[in-house]
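# Reading the structure
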Amino acid sequence: MCPGCGASRSETFPAQVISRIGKAALLLAVLFVGVLPVLYLLLANDELDTGLVSRLSWQNETFRLSWKTARLAMVTACVSSGIAWAVCAMLRASARPRFWLALYVLCFTVSPYIAAQGWIQILGVQGTFWKLLALTPRAGMLFGPSGLVFMMSLQMTPLALFIFASTYRPLDRESQDLQALTKLPAWKKLYVFHLRPGKAPLLFALVLVFWLAFWNYETPSILRQNTYALNLYAAFGSFYDDNQALGYLFHALIYAVPTLVLIVWMSPALAANIRSLPHARENTNSRLQKLARLFGLSLIPLCGLVLPVAGLIGDLAGMESLTTAIQTILQYSGDIKNTLVVASSASLIATMTCFALVYLGSIVNARAALALPALLLLIIPPLCTGIGAVHWFAENSAGAAGLERIVLVNALILLPILLLPASLAFPRNATARSDTRRLYHIGDLKQFALLARPVLLPRFLLLFGLGFLMAMKEVPASLLNYPPDGSTLALTIETMLHFDQPQLISALCLIQLLISLVIFSTITVTSHLCQR
Amino acid sequence: MKRHARLPVLLGLIGLTGLCISLSCKQKPGQESVVLYTSLDRPHSEPIIRLFEKRTGIRVKVVYDTEAAKTVGLVNRLIAEKKNPQADVFWNSEVLRTLVLKDKGVLSAYASPAADNIPADMKDPAHYWTGFAARARVIFYNKSRVGEPPKTLEELTTPPWKGKVAIANPLFGTTNTQLAAWWSVWGADRTKDFLRRMHANDVIICQGNAMARDMVVSGEASVCLTDTDDAWAAIAHGHPVGMIYPDQDRGNGQGTLVIPNTVCLIKGGPHATNARKLIDFLLSEEVEKTLAYSESAQIPLRHVAGLPGHVETMLRIKRIPVDFAKASRCVRDAGLHVQKHFQPK
């Protein structure tokens, strides 16, 4: 007899087998779709030499470089997630959480080039910081591992924060009372009431930031650091050697082992409801605490947004007139339109796919297990997806390239990034399905519409917003797949960056920020209205 | 928000996406077109393209590369699209990547009548590619920090320039072309020794030529190796900087590297007739002159009357005697050496 429902063993056995088959099929399907471009690059490549790929992936030099990059990425992941955790706690206590969240999201939109250049102007050899304080410049601070970690953390903290903000639920009243009454040391309270129940998003943020930092190409190259991604770029862009590039990619699988350990460790937490963040509204009324909170919240926006944007606005002041500014905007209206099309379509496709997968996952009891393909897919850098996709499209589709290619590639890149927050955000309605059906005589879809949709819609909108922002600034894969005359704002900014045209770059960057602000504000307001 | 009002929000999002897609699909019917992939910097190539459109009425659909992506974009695309070409013409800002495409069978031969008076060493004997409007590798220096600029590359490895020289990462771009040229002309041993001495002299290895130039402009480095177009852009903006063509001593100087733009026809491209018209236009003296007058001040490969005074002619520059085909075969060995031994410390 089944102890849970009283059904006999003969009744539950086939159901269990079917559930397991469904679960395996779903996971394999997700993995297959995500890995398809790289698989195509591997299988349809006439010049592939597996021996060479294997030799290249086991070279000492490759190990040395990958370990150096992995260490930097690990530190970045810890710093970003730690700061985001603290900021998220402060956000819960803040009077204007949506305002702060919007500011952090804008930080995430700032191009890495703009952010790095802004900081070079401040802390470089000729930096204003040294001039103002009449100190001897110490450029090594910025052009070294610590500077790289600082810059990458500035970029990644908003992403980690977004994951926390979109997945955590506040501590319920019962737990708050329990926390107040329990006589435990502060660190143990923090662990028991906050870290343990919230470890899934924390670990997910760590893994996501680690891989994004590991494959980050632009910031290390601006800050003159030799990282693993730079060598992958060289394989594709200097030697045009897919064997070498695949060697680098396969070598990176070594770091999949700790990722898998983390997934296994977090899987029970994923299966449980996510809740809890320090919720200190009642305890933070003193003026000093408010000031400390304001300082803590404004630190990242100040470093990652205000300073670079102040430079942009300063550059814009050199523009002759408002007419010139408007003419510039009109000149690039096609790029703005393409950006809106690509970012919104890619994000919509990715978000809807993720939620559909998680819904299917909840039916076959595989919601938590979806983390496995999602986190494994993060190992594939966007550049490899882009190269595989351009081969796929070129060889399997007739006719001229259109925007749909860049939309699909972006959706594919977003899929693993959005899948886990989607699974964390999904309510545990699967176990209640049969009860609900029995009680109300309704089918799965109706039950979903009545029970899950009201909870899901605000989260769907937030993840759509995150996907939109990520697709809007994506460059390597988009560059390989954008159609003639189909450039996006991010691509145009990249093509114009190295010319002495600061006004134009500033205008385009500010338009990008403005679009982010408008879209994200609309989404947060709508999401808030949905929750009410 | 009322429950029944939530669906319209979602539908609104989908509608917005659909509207954007429909807006993006507008196409003028019946207009002739040609697809150009170009790695020449957009601010320099765009005016030329618009001029061609104005002259012929043929719309040029362009795909640009980015400086940051370092030739990853277009060459990989062209290789991938070999069986189903999307582009008609590739206008490359240098030559070695064009040779990669030739080796991979992406190009089609086309002997443009406009290329008759282009020097023989600047075009392919089998007409797979043709060079025009070149840039040269120069030593660029900050006048306020440097009294007497170095006149040879060897000087950059000496103690007075320790920690003061910037160079773009030789794995990419025209610095990679220069590396391959050294490897093919000097031989592997001399090149390795030169790189070792540069590295030991604390050379600053940065992202690209433009960044090396900016470091000199800001005073972070005193001199750098860069291209003439990057150098002229800084000079035109009134910065206290100057440039010299290295190794120009008529007796012992080995000369500097001159890198032409190259244009080639893509095999099986969808608009072959218009592609040939575009290639003929790009190889015209008018385009060379326009590029010479542009901010990039590119050097015409043939005699063009009425050039601006600051633009050198091919006759006045002592060039390193490089065989580009041989240099392209050195890219891999030179690159692998650089990957191991010439990276930021």
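Residues numbered from 1 in each chain as written. Chains lettered and ligands numbered in written order. Predicted model: local features only at pLDDT ≥ 70, side-chain atom pairs only at ≥ 80, totals over all residues. Heavy atoms only, no water.

### Focus: the overall build of chain A
Scanning chain A from terminus to terminus reveals 25 helices and zero strands. Considering chain A as a whole, with its 532 residues, one finds that 58% of them fall into the buried category. In chain A, once contacts between residues fewer than 6 apart in sequence are set aside, the share between residues at least 24 apart is 82%. Accessible area of chain A: about 22000 Å², with a carbon and sulfur share of 67%. (Helix = DSSP H or I, 4+ residues; strand = E, 2+ residues; numbered from the N terminus. Buried < 20%, exposed > 50% of the residue type's maximum accessible area, 1.4 Å probe, protein only. Contact = heavy atoms within 4.5 Å. Areas by Shrake-Rupley, 256 points an atom, 1.4 Å probe, with all protein chains shown as cover.)

### What about the overall build of chain B?
Along its length, chain B carries eleven helices and ten strands. In chain B, buried positions account for 60% of the 345 residues. Counting only contacts in chain B whose residues sit at least 6 apart along the sequence, the fraction spanning at least 24 positions is 75%. For chain B, the exposed area adds up to about 13200 Å²; of that, 56% sits on carbon and sulfur atoms.

### Here's the deal with the interface of chain B and chain A
Taken together, the 71 residues of chain B in the interface contact 77 residues of chain A. Note on chain B versus chain A: buried area summed over both sides is about 6300 Å², and carbon and sulfur give 59% of it. A salt bridge links Asp241 of chain A to Arg332 of chain B, with the shortest nitrogen-to-oxygen separation between them at 2.7 Å. Summed over the shared surface of chain B and chain A, the number is 15 residue pairs in polar contact (both at pLDDT 80 or more). Looking at the side of chain B that touches chain A, the elements that each hand over two or more residues are helix H1 (6-24), helix H2 (42-56), strand E2 (59-64), helix H3 (73-80), helix H4 (96-103), strand E7 (204-206), helix H7 (209-218) and helix H11 (324-341) of chain B. With ten residues, H1 of chain B is the single largest residue contributor to the side of chain B that touches chain A. Residue composition of the side of chain B that touches chain A, by class: 32 nonpolar, 19 polar and 20 charged. (Buried area = accessible area lost by both parts, 1.4 Å probe. Salt bridge = Lys/Arg side-chain N within 4 Å of Asp/Glu carboxyl O. Polar contact = N/O pair within 3.5 Å; in protein donor to acceptor, adjacent residues only side chain to side chain. Nonpolar A, V, L, I, M, F, W, Y, C, P; charged D, E, K, R; others polar.)

### A few points about a nonpolar patch on the surface
A surface patch of nonpolar side chains, about 410 Å² in accessible area, is lined by Phe129, Leu132, Leu133 and Leu135 of chain A. Assignment of secondary structure puts Leu132 of chain A in helix H6 (residues 128-133). (Patch = residues over 30% accessible without salt bridge, like charges linked within 9 Å, V, L, I, M, F, W, Y side chains within 5 Å.)

### Examining unusual backbone geometry
Residues and elements named next belong to chain B. Phi at His127 takes a positive value of approximately 65 degrees, unusual for a residue other than glycine. In this structure, Ala133 is a non-glycine residue whose phi angle is positive, near 30 degrees. Along the chain, the position of Ala133 falls in strand E5 (residues 130-142). Classification of Ala133 by relative accessible area gives buried; the value is 0%.

### Looking at the pattern of salt bridges
Counted by the stated rule, this structure contains 24 salt bridges over all chains. One salt bridge in this structure joins Arg59 of chain B and Asp485 of chain A, with 2.6 Å as the shortest N-O distance. Here Arg59 of chain B is found in strand E2, whereas its partner Asp485 of chain A is found in the loop between helix H23 (476-481) and helix H24 (489-496) on a different chain. Notably, a salt bridge pairs Asp202 of chain B with Lys162 of chain B, separated by 3.7 Å at the nearest N-O pair. Of this pair, Asp202 of chain B sits in the loop between helix H6 (188-200) and E7 while Lys162 of chain B sits in the loop between E5 and strand E6 (165-168), and the two are 40 residues apart along the sequence. When its relative accessible area of 31% is taken as the criterion, Asp202 of chain B is described as partly exposed. One salt-bridge network, held together by shared partners, links Arg42, Glu46, Arg50 and Glu53 of chain B.

### Comments concerning the packing of H2 of chain B against helix H9 (residues 272-282) of chain B
Residues and elements named next belong to chain B. Contact geometry for H2 and H9: axes closest at 11 Å, N-to-C directions at 120 degrees. One element, H2, and the other, H9, form an angle in the oblique class. As H2 runs across H9, the sense of the crossing is right-handed. Of the residues in H9, those touching H2 at Ile48, Leu51, Phe52 and Arg55 are Asn274, Lys277, Leu278, Phe281 and Leu282. Taken together, the residues of the contact of H2 with H9 sort by class into six nonpolar, one polar and two charged. (Axes fitted to C-alpha atoms, helices over the stretch in contact; angles between N-to-C directions. Parallel < 35°, antiparallel > 145°, perpendicular 65-115°, else oblique. Left-handed = near helix turned anticlockwise from the far one by under 90°.)

### A short note on H4 of chain B
Within H4 of chain B, the full set of buried residues consists of Leu96, Arg97, Thr98, Leu99 and Leu101 of chain B. Two residues or fewer past H4 of chain B, Gly105 of chain B is found with a positive phi of approximately 75 degrees.

### Some words on the pairing of strand E3 (residues 89-92) of chain B
Within a regular beta strand, the side chains point alternately toward one face of the sheet and then the other, so they alternate between its two faces. Residue and element names in this part refer to chain B. Of the two faces of E3, the one lined by Val89 and Trp91 and the one lined by Phe90 and Asn92 are each fully buried. Direction of pairing for strand E1 (residues 33-38) relative to E3: parallel, over a ladder of three bridges. Bridge pairing links Tyr37 to Phe90 in E3. In this sheet, strand E10 (residues 258-266) lies alongside E3 in antiparallel orientation, the contact comprising four bridges. Looking at E10, one finds that Trp91 is bridged to Val263. (Pairing = 2+ DSSP bridges.)

### Observations regarding the nonpolar core
Counting residues in each nonpolar core, the largest one holds 264 residues, and the members touching the most others are Trp211, Phe214 and Trp215 of chain A together with Phe90, Trp91, Phe132 and Trp182 of chain B. For this core, the leading source of residues is helix H22 (residues 444-472) of chain A, giving 13 residues. Each residue touching Phe214 of chain A, except ones within four places of it in the same chain, is listed here: Ser66, Thr69, Ala70, Ala73, Tyr228, Ala229, Ala252 and Tyr255 of chain A. (Core = buried A, V, L, I, M, F, W, Y, C linked by side-chain atoms within 4.5 Å.)

### Observations regarding empty space enclosed by the protein
Residue and element names in this part refer to chain A. Throughout the structure, instances matching the rule amount to eleven cavities of 30 Å³ or more. What the largest cavity holds in volume is close to 930 Å³. Residue assignment for the lining of the largest cavity shows that the elements contributing at least two residues are helix H4 (97-109), helix H7 (145-167), helix H10 (199-214), helix H12 (228-237), helix H19 (382-396), helix H20 (403-425), H22 and H24. No other element matches H20, which puts six residues into the lining of the largest cavity. (1 Å grid on protein atoms, 1.4 Å probe; cavity = no way out; pocket = protein on both sides within 12 Å on 5 of 7 lines; lining within 4 Å. Points joined across faces, edges and corners; volume = space filled by probe spheres on them.)

### A few points about the packing of aromatic side chains
One pass over the full model with this rule turns up 22 aromatic pairs over all chains. With a centroid separation of 5.3 Å and an interplanar angle of 80 degrees, the aromatic rings of Trp186 of chain B and Phe194 of chain B are classed as edge-to-face. Accessibility assignment for this pair places Trp186 of chain B and Phe194 of chain B in one class, buried. Joined through ring pairs, the aromatic side chains of Phe210, Trp211, Phe214, Trp215, Tyr228, Tyr248 and Tyr255 of chain A make up one cluster. A cation sits over an aromatic face here: Arg224 of chain A above Phe143 of chain A, 3.8 Å from the ring centre. The ring of Trp186 of chain B carries Arg190 of chain B above its face, with NZ or CZ at 4.3 Å from the centroid. (Phe/Tyr/Trp six-rings, centres within 6.5 Å; stacked < 30°, edge-to-face > 60°. Lys NZ or Arg CZ within 6 Å of the ring centre and 35° of its normal.)

### Comments concerning the side chain of Arg97 of chain B
Mapped onto the elements of the fold, Arg97 of chain B is located in helix H4. There is a polar contact of 3.4 Å between the side chain of Arg97 of chain B and the side chain of Tyr240 of chain A. A polar atom in the side chain of Arg97 of chain B sits 2.8 Å from the side chain of Asn176 of chain B.

Interpretation note: all reported values are geometric properties and have no functional meaning in isolation.
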